[in-house]
Structure formats: C-alpha cells, structure tokens
Amino acid sequence: MVDAATLEKLEAGYKKLAASDSKSLLKKYLTQEVFDALKTKKTSFGSTLLDCIQSGLENHDSGVGIYAPDAEAYSVFADLFDPIIEDYHKGFKKTDKHPPKNWGDVETLSDVDPTNEYVVSTLVRCGCSMEGYPFNPCLTEAQYAEMQDKVSSTLSGLEGELKGTYYPLKGMTKEVQQKLIDDHFLFKEGDRFLQAANACRFWPTGRGIFHNDAKTFLVWCNEEDHLRLISMQMGGNLKEVFARLVNAVNDIEKRVPFSHHDRLGFLTFCPTNLGTTVRASVHIKLPKLAANLAKLEEVAGKYNLQVRGTRGEHTEAEGGVYDISNKRRMGLTEYEAVKEVHDGIKELIKIEKEM
C-alpha cells in the first residue's frame with residue numbers, strides 16, 4: 001500500500017497542477033479519473049505514482065513532466081504513460097509495437113558532405129539501461145557503485161578504435177576534470193527537472209565518463225540513463241560515426257544485457273527516449289536556407305527532422321550553425337532513424353546549393 005504521506009503529497013501536487021496553466025503532457029493526460037486509478041499503485045521496486053510525476057508537479061514549465069523510476073512503471077502506470085507516449089511520439093498508440101532491434105546495413109550510408117562545405121560535425125548516440133536495476137530514483141548508493149564497477153570493467157575490455165579510459169567522477173582530480181570540460185565531455189549534475197525527479201541522489205557516486213583514445217567514442221555512466229553511448233567526429237561521415245556506435249553497442253551488450261520491453265523497445269528513464277533511443281544529429285551551416293527558416297523547417301519536416309540551435313533545444317544558431325536531428329525514436333528501426341537523417345541532410349545540402 002502507498003503510505004499516507006505520499007498520498008497527501010500526491011493530492012496536494014495534483015490540485016496545484018490542475019489549477020496551473022501548465023502546458024505539460026502530464027497535465028494534459030492526468031485526469032481525475034486516471035489519478036484516482038493510479039495513486040495507490042506500486043511497482044515491485046516500490047515506485048509510486050509520485051516517483052513518476054514529482055518532477056512535473058514541481059516544475060509546471062515541464063514539456064513532458066513524467067519519468068519512469070523503474071522498468072515496470074511503464075506497465076503499472078500505463079494508463080498515464082501510454083497517452084503521453086502516443087502524443088510525444090506522434091501517434092505511437094498503445095496497440096502499436098516497436099519493431100525488433102535492427103541496425104541495418106551500415107554500408108548503405110555515406111559521407112553526407114564529402115567536400116566538407118556544410119557539415120561541421122556528426123554525432124549518433126543511444127541510451128541503454130542495465131537489466132535488473134531500477135532507474136535513478138530507486139537506486140541505492142551501493143547499486144550505483146556496483147553498476148559503475150560492471151561498466152568500467154566492461155569498457156576496459158573494448159579493443160581497437162574503441163579502446164580507451166574510464167574516469168570516475170568521484171575523486172576526480174581538478175586537472176582531469178578541466179581536461180574533460182575543455183573537450184566538452186564532462187556532464188554536470190542534473191538540471192532542476194532531474195533533481196526534482198530524484199535522479200541525482202548520492203552524486204557523484206557511480207557516475208563517470210569513458211572515452212576512446214581518439215576521442216570519437218564516449219560513454220556516460222549514470223548521468224540520466226544508466227548508459228549513454230556517443231559516437232562522434234568532425235565532418236559529415238555519418239556512415240563511419242554510425243558504424244562505430246553499432247560495433248560498440250554490440251560489444252557492450254554481450255557483457256551487460258540491456259532492459260528491453262516487447263512493446264516499447266529499449267527502456268529509458270525519460271519516455272521521450274524510448275524505442276530505438278537513437279538520436280543522430282549534425283551541426284550544419286546552411287546560410288541561404290537559414291535566411292528562410294520556414295523553408296528549412298518544411299524540408300526538415302518531410303524527413304521527420306528537428307531543427308534546433310547550435311547547443312540544442314531553446315538555443316540560438318551560433319554563426320548560422322544548426323543542430324538537425326531525427327525526431328522519431330519509436331515505431332521504426334535504429335537504421336531507419338539514422339537513414340532519415342542521412343537522406344534529409346543530403347536533401348538540405350542539395351537545396352542550399354541550388355539557391
């Protein structure tokens with residue numbers, strides 16, 4: 001049973017949210033009926049509705065406002081997660097099933113900008129959760145430490161171009177810290193949305209960063225998700241970047257199994273990253289198209305791409321450089337998500353050249 005203090009917090013938070021002018025998906029779908037049906041439920045990890053929605057109850061300016069404290073939460077609190085997932089992932093209905101993992105034929109991809117005129121850099125990342133562990137809000141300090149041991153020993157087994165070094169955040173020297181900040185590798189402690197979701201407890205225990213010697217492959221351990229795998233390099237060779245990520249995921253997954261759901265694909269802390277969890281993005285300069293932002297958005301939209309400022313969401317395009325990435329993560333394969341970016345960027349460059 002859910003204890004009285006939790007229920008009290010839920011009731012008070014829900015009243016405030018209902019009376020607010022919040023535009024979050026949480027407010028949109030947490031009706032009184034859904035609230036009453038879910039407020040006394042718990043997962044086997046002990047997670048309650050409050051663990052799922054406390055960030056959205058505290059931050060009325062959230063876009064989404066809900067996180068999954070453990071893998072089971074997606075099933076136990078499905079009456080709330082399903083409509084939010086459908087809305088965010090553009091029509092992925094509760095009767096839909098995410099396709100099985102498929103990295104496709106990497107050879108069919110190419111360098112989208114072989115002359116290096118437009119694309120500054122390319123990045124493909126994915127999030128993975130380790131099987132058998134809940135997500136951040138339910139992890140104990142001992143589990144954080146145990147997970148980091150598993151991750152660092154797994155990563156130390158990587159060979160070839162993936163071979164590199166793991167740096168735990170705890171006890172990190174100022175020199176190493178500065179070096180990782182200068183390389184733009186180091187993540188900071190979570191923002192207020194993650195803080196409110198209880199995702200930053202015991203910081204910096206169990207958190208760390210790995211990068212290969214060439215600094216083209218990165219792993220974040222226990223930042224927002226258990227693992228964030230990132231492959232990147234300068235220029236537009238999407239084929240090379242994607243191939244590196246695929247090799248790394250396949251290698252790591254052999255040693256550390258990932259949480260997977262028959263219907264939702266790979267499971268992540270935030271429902272916006274479910275499914276493939278893949279985000280492929282390029283930093284690109286398109287001065288002529290950028291002068292007509294509506295046209296840029298229209299072409300990008302045809303390929304389900306998102307146009308953002310240089311440093312991501314809610315930022316400006318510095319020096320005319322845009323961050324363009326795939327919007328869709330659910331209902332398509334990993335390969336298809338990356339192929340949308342590949343084809344969309346080629347089309348944008350073609351239009352830019354013709355203008």
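Residues numbered from 1 in each chain as written. Predicted model: local features only at pLDDT ≥ 70, side-chain atom pairs only at ≥ 80, totals over all residues. Heavy atoms only, no water.

The chain is annotated in an unreviewed UniProt entry as arginine kinase from Frankliniella occidentalis. What UniProt states about the chain under its Sequence similarities (unreviewed entry) heading is, verbatim, "Belongs to the ATP:guanido phosphotransferase family." (UniProt positions renumbered as here; feature names shortened; annotations may be inferred.)

Within the chain one finds 13 helices and 10 strands. In terms of overall dimensions, the chain is globule-like: its C-alpha atoms have a radius of gyration of 21 Å, near the 20 Å expected for 355 residues. Dimensions of the chain along its principal axes, counting C-alpha atoms only, are 65 × 45 × 40 Å. Across the 355 residues of the chain, 54% fall into the buried class. (Helix = DSSP H or I, 4+ residues; strand = E, 2+ residues; numbered from the N terminus. Rg over C-alpha atoms; globule rule 2.2 N^0.38 Å. Buried < 20%, exposed > 50% of the residue type's maximum accessible area, 1.4 Å probe, protein only.)

Counting across every chain of the model gives 18 salt bridges. The partner of Lys28 in a salt bridge is Asp87, with the nearest N and O atoms 2.7 Å apart. Here Asp87 lies in helix H6 (residues 78-88) and Lys28 lies in helix H2 (residues 25-29), a separation of 59 residues in the sequence. What you see here is one network of salt bridges that share partners, running through Glu223, Glu224, Asp225 and Arg228. (Salt bridge = Lys/Arg side-chain N within 4 Å of Asp/Glu carboxyl O.)

Turning our eyes to something else, we now look at the UniProt feature "domain: Phosphagen kinase N-terminal" (unreviewed entry) in the chain. UniProt annotation of "domain: Phosphagen kinase N-terminal" (unreviewed entry) refers to residues 6-90 when read in the numbering used here. For residues 6-90, the end-to-end C-alpha separation is 33 Å, with 60% helix and 0% strand making up the annotated structure.

Here we come to the side chain of Asn326. In this fold, Asn326 is placed in strand S10 (residues 321-326). A residue is classified by how much of its surface remains accessible, and Asn326, at 0% relative accessible area, is buried. For Asn326, the side chain forms a polar contact with the main-chain oxygen of Val278, separated by 3.0 Å. The contacts of Asn326, once residues within four sequence positions are left out, are Val278, Arg279, Ala280, Asn304, Leu305, Gln306, Ala337 and Val341. (Polar contact = N/O pair within 3.5 Å; in protein donor to acceptor, adjacent residues only side chain to side chain. Contact = heavy atoms within 4.5 Å.)

Taken as a whole, the chain is organised into domain 1 (4-89) and domain 2 (106-354). Taking the mean C-alpha position of each, domain 1 and domain 2 sit 27 Å from one another. Across the contact, 22 residues belong to domain 1 and 22 residues belong to domain 2. Surface buried jointly by domain 1 and domain 2 totals about 2,000 Å² across both partners, of which 62% is contributed by carbon and sulfur atoms. Arg263 is the salt-bridge partner of Asp82, the closest N and O atoms lying 2.8 Å from each other. Taken together, the connections running from domain 1 to domain 2 amount to 8 residue pairs in polar contact (both at pLDDT 80 or more). A total of 4 residues in the side of domain 1 that touches domain 2 trace back to one element, the largest contributor, which is H6. By residue class, the composition of the side of domain 1 that touches domain 2 is 11 nonpolar, 7 polar and 4 charged. (Domains from an automatic or database assignment. Buried area = accessible area lost by both parts, 1.4 Å probe. Nonpolar A, V, L, I, M, F, W, Y, C, P; charged D, E, K, R; others polar.)

Take a probe with the size of a water molecule and roll it over the atoms, and the empty space left behind shows itself. Counting across every chain of the model gives 2 cavities of 30 Å³ or more. Roughly 60 Å³ of internal volume is contained in the largest cavity. In terms of lining residues, the largest cavity is bounded by Lys101, Trp103, Cys126, Gly127, Cys128, Val249, Glu253, Phe258, Phe266, Thr276 and Thr277. Broken down by secondary-structure element, the contributors of at least two residues to the lining of the largest cavity are strand S1 (119-128) and helix H10 (238-255). (1 Å grid on protein atoms, 1.4 Å probe; cavity = no way out; pocket = protein on both sides within 12 Å on 5 of 7 lines; lining within 4 Å. Points joined across faces, edges and corners; volume = space filled by probe spheres on them.)

Counting residues in each nonpolar core, the largest one holds 56 residues, and the members touching the most others are Val124, Phe217, Leu229, Phe242, Ile284, Ile324 and Ile345. Here the element with the most residues in this core is H10; it accounts for 8 residues. Leave out the neighbours within four places in its chain, and Phe242 touches Trp103, Val106, Leu109, Val124, Glu334, Tyr335 and Val338. (Core = buried A, V, L, I, M, F, W, Y, C linked by side-chain atoms within 4.5 Å.)

One can find Glu161 in the loop between helix H7 (141-155) and strand S2 (164-168). Judged by relative accessible area, Glu161 falls into the partly exposed class, the value being 45%. A C-alpha to C-alpha distance of 7.5 Å links Glu161 and Ala214, two positions 53 residues apart in sequence.

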